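If you want the building blocks of each chain, they are given just below.
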Number of protein chains: 2
Amino acid sequence: MNYRAVLNILGALLISIALAMSLPLAFSLYYQEGDAGDFLVSMIITMVVGLLLVLFNRHHTELRTREGFAIVVLSWTFAAAFGALPFVFSGAIPSYTDAFFETMSGFSTTGASILTDIEALPHGLLFWRSLTHWLGGMGIIVLSLAILPFLGVGGMQLFKAEVPGPAPDKLSPRIKETAKILYGVYVLITALETVLLMAGGLSLFDALCHTFGTVATGGFSTKNASIAHFDSLYVESVIMVFMVLAGTNFALHYRFLSKQWGVYTSDREFRFYFRILLFCILLVTGMLFLINKLELGESVRAAAFQVISITTTTGYATADFEQWSTAGQLMMLLLMFVGGCAGSTGGSIKIVRIMLIFKHGLNELQKLLHPNAFLPIRLGGRIVSPEVMTNILAFFVIYMGIFTVGSLVMAMMGLDIITATSSVAATLGNIGPGLATIGPTDNYAHIPLFGKWLLSFFMLLGRLELYTVIVLITPAFWKK
Amino acid sequence: MNYRAVLNILGALLISIALAMSLPLAFSLYYQEGDAGDFLVSMIITMVVGLLLVLFNRHHTELRTREGFAIVVLSWTFAAAFGALPFVFSGAIPSYTDAFFETMSGFSTTGASILTDIEALPHGLLFWRSLTHWLGGMGIIVLSLAILPFLGVGGMQLFKAEVPGPAPDKLSPRIKETAKILYGVYVLITALETVLLMAGGLSLFDALCHTFGTVATGGFSTKNASIAHFDSLYVESVIMVFMVLAGTNFALHYRFLSKQWGVYTSDREFRFYFRILLFCILLVTGMLFLINKLELGESVRAAAFQVISITTTTGYATADFEQWSTAGQLMMLLLMFVGGCAGSTGGSIKIVRIMLIFKHGLNELQKLLHPNAFLPIRLGGRIVSPEVMTNILAFFVIYMGIFTVGSLVMAMMGLDIITATSSVAATLGNIGPGLATIGPTDNYAHIPLFGKWLLSFFMLLGRLELYTVIVLITPAFWKK
């Protein structure tokens, strides 16, 4: 392991984070709520540590896969560790554990909160909290479409299989070029949603914060009641549309903007994603209309928003789904295992994996009837290699394994079964709210100390597609 | 599809079931509790239908795979449909739905009951109820070790890979021979446990009934309090040992009786099975001792019995595990997804699959570090073919899929989440008791009508290794 190279890059990351803190600082100075000094101190500490790391670890060797894994995992960890400082210094979140949880929840675009009264926070801190989502989302798109493929994990591998036509690397193959293009798309979508939300009556501050939470599929709101606060069909509609976009492969957006108009409808994963959303919205609407006896319009509205919010792993709430029937609640719990498309900011298992796992199951049944036939699994006309299929199935198994063991450990802390299981599902899948005592109107404040660290780890694990983190804690990784 | 051949064999099955009813009839005549006439009527109906099917469908063609699937699935269905008659005619279980549920639970060796007062039933009916377990268990051993391999499903395929040495078919390859050998082992184990239980003070009746429930990993008791009724460490110990034996591959027992003494310790699946049991007993003992503050001896005793009972999918109870901590309860729920060894009477996912899925996960992680290395999955020195691995992973995925959709449908009937999910886990895995309103001290009486039929179907589905049943409801199966 080339430690110097790793530390050098982490130093650069810390410098960027220190610079990013100047944005909330601006809001602090504008609103004058006494948190500007705390931001300054946090910025200076982060900047100094960053500069020291960069200066004392100058190194110009090629990075290998091992360093890649270490950099990715430590980037998110360092970001959360230093990003937590303003919360602690300001006294808004006195416990460092809580502050780390909240910041990891931000950078991992989870949206799980330990805050009991969000609106009590000064504007600067609220802006920083939402900005961690946006930065994390930006990181994840680049990671999944440009960096992870180099490390042989998930993302691009699957994505490539889905690019129709003869040019699978129309996106610039070099990481920097790819990153630039994706940043452009991300910023454009952000700008668009901000403008549309402001048109709906939101202040620039609220519009920006909620846009950050949407495009990163994060879920932090500046309001205690989340999106229900605005009670506006327009605002909900805008957020719904952008949640769907945020859960879509960003490479598709780029290609759409490059005037390949039919790119969405020809993409297998997007079509499956769209169908899952539609099917689940219909199902939940039916439940709300028939079991909970809501009006039809109300049922559609609540079902559409919650299904999209949970499936894309955003976690915004317009309805307290704990008031729904048990079937409705279970549906929400199950949707936590779906997630967005590969190459989106959404987390969890992801649509393309769910789709291929589904196809694989059907395939095995066919083999029973035709034991000697050659029955490959296809995706958009191409054959999915057994290696990719094996990797996806292992991902599913490991995901369920972590969910299982994690739930057991959380239960050992004395939490009830629903809280224990949904806390792991909601953090591992980067959703945010769970069920029972961590439902959409509750928060994670009451989770025991060790539980908060464990759930923070699950956020990281889920966000980085499991493998990236697990590999790092494998003894074989550290062998010469 | 050769319908005549299928109906002919089903007729023979019904004749056997009618003959089997003579055993409980003997108890009815001895105890004189007024149910003898009901047994006679049931026997006559079953016998007549059986004879008609045999006589009007004389046919001597070779059976193909398709007929094999149909025979297996319809055998269990017919057995439950006609086996339910004595319960209905006697008025002990007036609703046919309830009686079918109870009988399917018997033949599938599940042990889930709709009875609120078991001890109120006459001896004859109680004996029949337990006997359905024993017959079902006998059927399943032959099915998994002799018939399913012919159909290309689960059992032998896996088992073969595990036979050490150069003679993978030491068990006679012909179904009839294999069946005879296995019946012999099954009867021997049954006789042994009956004698040991009688030595512990149980009447012949109680000893036989509880032996049937043990060796078939069923779980029906003749007592409302299940095994807790006897409050005897000796009885519990005997039952524990035989539950472990019943959850072991019966081919191993045969080979042990053929003086291959080291056969258990050299079998990979058995070793993994033993380790899982030991690990979980230790874990649950720790939970009971530390969280529930039970005495150490009491903790070990309760933990050992419940872990073995649930893991082997028996479902006998000595403790109301709903009084345990949530972690203890969740542990029980998770163990419902493990199950016995392949070729045992145990249900659920099964040890060999869990073991290979686990190895597969580790393997994928190794591949990340050594992307170009050839890393096959081994079981006892042999390489597991990718086809077998693919089949096992698909099994896991389909199992979880059915569990998921099933839980959702049960929740739609208004059940709480824990009851809904555990009812599916407990029937699909052929365990018996679940959690919440269907816990070890409760029963399934309150489940809505449609729910009882659906859970009966899940018992069948789980018992026949999913594929056997699913293939039958695939449109492609019925195409010419």
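Residues numbered from 1 in each chain as written. Chains lettered and ligands numbered in written order. Predicted model: local features only at pLDDT ≥ 70, side-chain atom pairs only at ≥ 80, totals over all residues. Heavy atoms only, no water.

**Points about the overall build of chain A**
Threshold: Secondary structure follows DSSP: runs of H or I at least 4 residues long count as helices, runs of E at least 2 residues long count as strands, and numbering of each begins at the N terminus. Each radius of gyration is computed over the set of C-alpha atoms, and the globule rule expresses the reference value as 2.2 Å times the number of residues to the power 0.38. Burial classes follow relative accessibility: with a 1.4 Å probe on protein chains only, a residue under 20% of its type's maximum area counts as buried, one over 50% as exposed, and anything between as partly exposed. In this description, contact between two residues means that some pair of their heavy atoms is separated by no more than 4.5 Å. Every accessible area reported is derived by Shrake-Rupley at a probe size of 1.4 Å, with residue values counting cover from the shown protein chains alone. In this tally, Lys and Arg are treated as positive and Asp and Glu as negative; His is ignored, and so are the chain termini. For this purpose, a charge sits on NZ of Lys, CZ of Arg, CG of Asp or CD of Glu.
In terms of regular secondary structure, chain A is built from 22 helices and two strands. The C-alpha atoms of chain A give 22 Å as radius of gyration, which agrees with the globular expectation for 480 residues (23 Å, within 12%). Seen through its principal axes, chain A has C-alpha atoms that stretch 70 × 60 × 50 Å. The burial tally for chain A puts 62% of its 480 residues in the buried class. If you take every contact in chain A between residues at least 6 apart in sequence, the share linking residues at least 24 apart comes to 71%. In the form shown here, chain A has an accessible surface area of approximately 18000 Å², with 68% of it arising from carbon and sulfur atoms. Here chain A contributes 28 positive and 27 negative side-chain charges, whose respective centroids are spaced 16 Å apart.

**A word on the relation of the copies chain A and chain B**
What counts here: Superposition of the copies used a least-squares fit over C-alpha atoms from residues whose pLDDT is at least 70 in both.
Superposition record for chain A on chain B: RMSD 0.0 Å, screw rotation 180°, translation along axis 0.0 Å. What we have between these two chains is a two-fold relation. Within chain A, the C-alpha atom positioned nearest to the axis of rotation is that of Leu393 of chain A, 3.4 Å from it. Taken as a fraction of all interface residues of chain A, those also at the interface in chain B reach 100%, which identifies the copy contact as same-surface.

**Re the interface of chain A and chain B**
Cut-off, in case you're wondering: Two parts placed together each lose some accessible area; with a 1.4 Å probe, that loss summed over both constitutes the buried area. Throughout this description, the term salt bridge denotes a Lys or Arg side-chain nitrogen within 4 Å of a carboxyl oxygen of Asp or Glu. Within 3.5 Å is the distance limit for a polar contact, defined as a pair of N or O atoms, with the added protein rule that one can donate a hydrogen and the other accept it, and that residues adjacent in sequence qualify only through two side-chain atoms.
Opposite the 45 residues of chain A that make contact, chain B presents 45 residues. Contact with chain B buries surface across chain A, with Leu368, Leu369 and Ile417 of chain A losing the most and accounting together for 18% of the total. For the pair chain A and chain B, the number of links is zero salt bridges. Run the count over chain A and chain B and you get six residue pairs in polar contact (both at pLDDT 80 or more). Sorting the residues of the side of chain A that touches chain B by element identifies helix H14 (268–290), helix H16 (326–335), helix H17 (351–369), helix H18 (386–412), helix H19 (417–428), helix H21 (467–472) and helix H22 (475–478) of chain A as the ones contributing at least two each.

**Comments concerning the packing of helix H17 (residues 351–369) of chain B against helix H18 (residues 386–412) of chain B**
All names here are of chain B. We apply this condition: In this analysis, axes come from line fits to C-alpha atoms, helices being fitted only over the stretch in contact, and the angle between any two N-to-C directions falls in the range 0 to 180 degrees. When describing relative orientation, an angle under 35 degrees is termed roughly parallel and one over 145 degrees roughly antiparallel, while 65 to 115 degrees is termed roughly perpendicular and anything else oblique. Throughout, the ten residues Ala, Val, Leu, Ile, Met, Phe, Trp, Tyr, Cys and Pro are labelled nonpolar, Asp, Glu, Lys and Arg are labelled charged, and all others, Gly among them, are labelled polar.
Packing of H17 against H18 brings their axes to within 10 Å, and their N-to-C directions diverge by 105°. Taken together, the axes of H17 and H18 are roughly perpendicular relative to one another. Where H17 abuts H18, its residues Arg353, Leu356, Ile357 and His360 lie against Met389, Ile392, Leu393, Phe395 and Phe396. Its residues placed into classes, the contact of H17 with H18 shows seven nonpolar, one polar and one charged.

**As for a positive patch on the surface**
Residues and elements named next belong to chain A. Heads up, the rule is: Patch members must show over 30% relative accessible area and no salt bridge, and they are joined within 9 Å when carrying like charges or within 5 Å when they are nonpolar side chains of Val, Leu, Ile, Met, Phe, Trp or Tyr.
On the surface, a cluster of positive charge is made up of Arg268, Arg271, Arg275 and Lys359. It is H14 that provides the largest number of residues to the positive patch, a total of three residues. Structurally, Arg268 can be placed in helix H14. The exposure class of Arg268 is partly exposed, given its relative accessible area of 36%.

**Overview of the pattern of salt bridges**
Counting across every chain of the model gives 14 salt bridges over all chains. In this structure, the salt-bridge partner of Arg301 of chain B is Glu236 of chain B, at a minimum N-O distance of 2.8 Å. Of this pair, Arg301 of chain B sits in helix H15 (residues 296–311) while Glu236 of chain B sits in helix H11 (residues 233–246), placing them 65 residues apart in sequence. Residues joined in a network through salt bridges with shared partners are Asp231, Glu236 and Arg301 of chain A.

**Regarding helix H19 (residues 417–428) of chain B**
Cut-off, in case you're wondering: Under the convention used throughout, the expected extent of a helix is 1.5 Å for every residue step, that is, one less than its residue count.
Under the 1.5 Å per step criterion, the end-to-end length of H19 of chain B is 17 Å for 12 residues, consistent within 8% with the ideal 16 Å. Among the 12 residues that make up H19 of chain B, 12 are buried, leaving the element largely enclosed by the rest of the structure. For H19 of chain B, the set of buried residues is Ile417, Ile418, Thr419, Ala420, Thr421, Ser422, Ser423, Val424, Ala425, Ala426, Thr427 and Leu428 of chain B. Taken together, the buried residues of H19 of chain B touch H16 and H19 of chain A together with helix H16 (326–335), H18 and helix H20 (449–463) of chain B. N-capping of H19 of chain B is provided by Asp416 of chain B, with a side-chain oxygen placed 3.2 Å from the backbone N of Ile418 of chain B. Asn430 of chain B occupies a position one or two residues after H19 of chain B and carries a positive phi of about 55°.

**Observations regarding the environment of Gln306 of chain B**
Residues and elements named next belong to chain B. Among the secondary structure elements, Gln306 is positioned in helix H15. Counting along the chain gives 26 residues from Gln306 to Met332, while the straight-line C-alpha distance between them is 8.0 Å. Discounting chain neighbours no more than four positions away, the residues touching Gln306 are Tyr316, Ala317, Thr318, Ala319, Phe321, Trp324 and Met332.

**Quick look at the packing of H14 of chain A against helix H15 (residues 296–311) of chain A**
All names here are of chain A. Basically, it comes down to this: Helix crossings fall into two classes, left-handed where the near helix is turned counterclockwise from the far one by less than a right angle and right-handed where it is turned clockwise.
Packing of H14 against H15 leaves a shortest axis separation of 8 Å and a crossing angle of 135°. Relative to H15, the element H14 is oriented oblique. Pair H14 / H15 crosses with right-handed handedness. Contacts between H14 and H15 involve Leu277, Cys280, Ile281, Val284, Thr285, Leu288 and Phe289 from the first element and Leu296, Ser299, Val300, Ala302, Ala303, Ala304, Val307, Ile308 and Thr311 from the second. Split by residue class, the contact of H14 with H15 holds 13 nonpolar, three polar and no charged.

**Structural notes on the side chain of Arg463 of chain B**
Residues and elements named next belong to chain B. Turning to its location among the elements, Arg463 is positioned in helix H20. The side chain of Arg463 sits in the buried core without any salt bridge; Glu465 is the nearest counter-charge, 5.6 Å away. There is a polar contact of 2.7 Å between the side chain of Arg463 and the side chain of Thr109. Beyond its immediate sequence surroundings of up to four residues, Arg463 is in contact with Trp76, Ser108, Thr109, Ile140, Thr345, Gly346, Gly347, Lys350 and Asn430.

**Describing a nonpolar patch on the surface**
Residue and element names in this part refer to chain A. Together, Leu40, Ile44, Val48, Leu51, Leu52, Leu55 and Phe56 give the surface a local cluster of nonpolar side chains, amounting to about 670 Å² of exposed area. Looking at where Val48 falls in the secondary structure, it is placed in helix H3 (residues 36–56). Note on Val48: relative accessible area 41%, which makes it partly exposed.

**Details of the environment of Phe212 of chain B**
Residues and elements named next belong to chain B. With respect to the element layout, Phe212 can be found in helix H10 (residues 204–215). As a C-alpha pair, Phe212 and Gly381 span 169 residues in sequence and 36 Å in three-dimensional space. Each residue touching Phe212, except ones within four places of it in the same chain, is listed here: Phe127, Ser130, Leu131, His133, Trp134 and Thr190.

**Looking at the packing of aromatic side chains**
Residues and elements named next belong to chain A. Our working rule: Any two rings among Phe, Tyr and Trp, with Trp reduced to its six-membered ring, count as a pair given centres within 6.5 Å; such a pair is stacked if its planes are under 30 degrees apart, edge-to-face if over 60, and tilted if neither. Charge over a ring is defined by NZ of Lys or CZ of Arg lying within 6 Å of the ring centre and within 35 degrees of the ring normal.
Counting across every chain of the model gives 55 aromatic pairs over all chains. Within the aromatic cluster, the residues linked to one another by ring pairs are Phe27, Tyr30, Tyr31, Phe127, Trp134, Tyr186, Phe205, Phe212 and Phe250. Over the ring of Phe220 we find Arg129; its NZ or CZ atom is 3.9 Å from the centre of that ring.

**Notes on helix H1 (residues 3–20) of chain A**
Between the first and last C-alpha of H1 of chain A there are 26 Å, a value that for 18 residues agrees with the 26 Å anticipated at 1.5 Å per step. Turning to H1 of chain A, its buried residues number three or more, namely Ala5, Val6, Asn8, Leu10, Gly11, Leu14, Ile15, Ile17, Ala18 and Ala20 of chain A.

**Re the confidence of the model for chain A**
Note that predicted coordinates carrying low pLDDT should not be read in detail. Residue and element names in this part refer to chain A. Operational definition: Think of pLDDT as the predictor's per-residue confidence, scored from 0 to 100.
Overall, the predicted model of chain A reaches an average pLDDT of 89, with 93% of residues at or above 70. No element of chain A has a lower mean pLDDT than helix H8 (residues 155–162), at 39, and none a higher one than helix H6 (residues 96–107), at 98. Note that pLDDT drops below 50 for residues 154–172; the model gives that stretch 39 contacts with residues more than four away or on any other chain. In the model output, the complex is listed with pTM 0.91 alongside ipTM 0.88.

**Looking at the environment of Met389 of chain B**
Residue and element names in this part refer to chain B. Position of Met389 among the secondary structure elements: in helix H18. Look at Met389 and you get buried, because its relative accessible area is 5%. Between the C-alpha atom of Met389 and that of Ile357, which follows or precedes it by 32 residues, the distance is 7.9 Å. When near neighbours in sequence (up to four residues on either side) are disregarded, Met389 contacts Leu356, Ile357, His360, Ile377 and Val384.

**Considerations on the side chain of Asn363 of chain A**
Residues and elements named next belong to chain A. Residue position: Asn363 is located in helix H17. Within the local environment of Asn363, its side chain forms a polar contact with the backbone oxygen of Leu375, the two atoms lying 2.8 Å apart. Filtering out sequence-adjacent residues up to four positions away, Asn363 remains in contact with Leu375, Pro376 and Ile377.

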